[in-house]
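Structural description and commentary
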Amino acid sequence: ADRVEWTTGLKQIFAAEPNAIADVLALVHPEDRADIARQVEEVLGGARTRVEAVYRYVRADGRLGWADTRGEGVAADTGRIDRMRGTMIDVTARK
């Protein structure tokens, strides 16, 4: 469950093309990263069902942006969460 697939729109917003969860977390502002990582780990581990967060991210040019993220775990046939799906919206203009 460590492969990441992003839409063209997300790649443009973040100016990145992450391949793994660690790549995504590296884009999150350091002060917000631990909370986002914890939420993702809890969903993948089955301790919670959703990720919901508004957080800062660092753009490719070094400027800060804000993202509103909603995600959920998706279970395999075994019942174990094996992936996540969700949305990320750039809300920088609202901040």
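Report follows, based on the coordinates. (Residues numbered from 1 in each chain as written. Predicted model: local features only at pLDDT ≥ 70, side-chain atom pairs only at ≥ 80, totals over all residues. Heavy atoms only, no water.)

We note that Ala15 has phi near 50°; this positive angle belongs to a residue other than glycine. Residue placement: Ala15 occurs in the loop between α1 (8-14) and α2 (21-27). (Helix = DSSP H or I, 4+ residues; strand = E, 2+ residues; numbered from the N terminus.)

We now examine the pairing of strand β2 (residues 64-75). Relative to β2, strand β1 (residues 50-58) is paired through nine bridges, and the arrangement is antiparallel. Its bridge partner being in β2, Glu52 is matched across the sheet by Arg70. In this structure, the hairpin formed by β1 and β2 is closed by a connection of five residues, where Gly62 is found at a positive phi of approximately 90°. Counted along the chain from β2 to the antiparallel partner strand β3 (residues 81-90), the turn is five residues long, and its residue Gly79 has a positive phi close to 95°. (Pairing = 2+ DSSP bridges.)

A few words on the nonpolar core. Trp6, Phe14, Ile36, Tyr55 and Met88 are the most contacted members of the largest nonpolar core, which totals 19 residues. Those residues in contact with Tyr55, other than ones at most four positions away along the chain, are Phe14, Val28, Asp32, Ile36, Gly65, Trp66, Ala67, Thr69 and Met88. (Core = buried A, V, L, I, M, F, W, Y, C linked by side-chain atoms within 4.5 Å. Buried < 20%, exposed > 50% of the residue type's maximum accessible area, 1.4 Å probe, protein only. Contact = heavy atoms within 4.5 Å.)

Here the focus is the sheet that holds β3. Taking strand neighbours across the sheet as the criterion, the three strands line up as β1-β2-β3 in an open arrangement whose pairing is antiparallel. Two strands lie at the open edges of the sheet, namely β1 and β3, each paired on one side alone. Averaged over neighbouring strand pairs, the angle between their axes works out to 30° when direction is ignored. For β2 and β3, the ladder comprises nine bridges, and the chain directions are antiparallel. Each residue of the ladder has a partner; that of Ala67, found in β3, is Asp90. In the packing of helix α3 (residues 30-44) onto the sheet, contacts are made with β1, β2 and β3, and the angle to β1 comes to roughly 150°. (Axes fitted to C-alpha atoms, helices over the stretch in contact; angles between N-to-C directions.)

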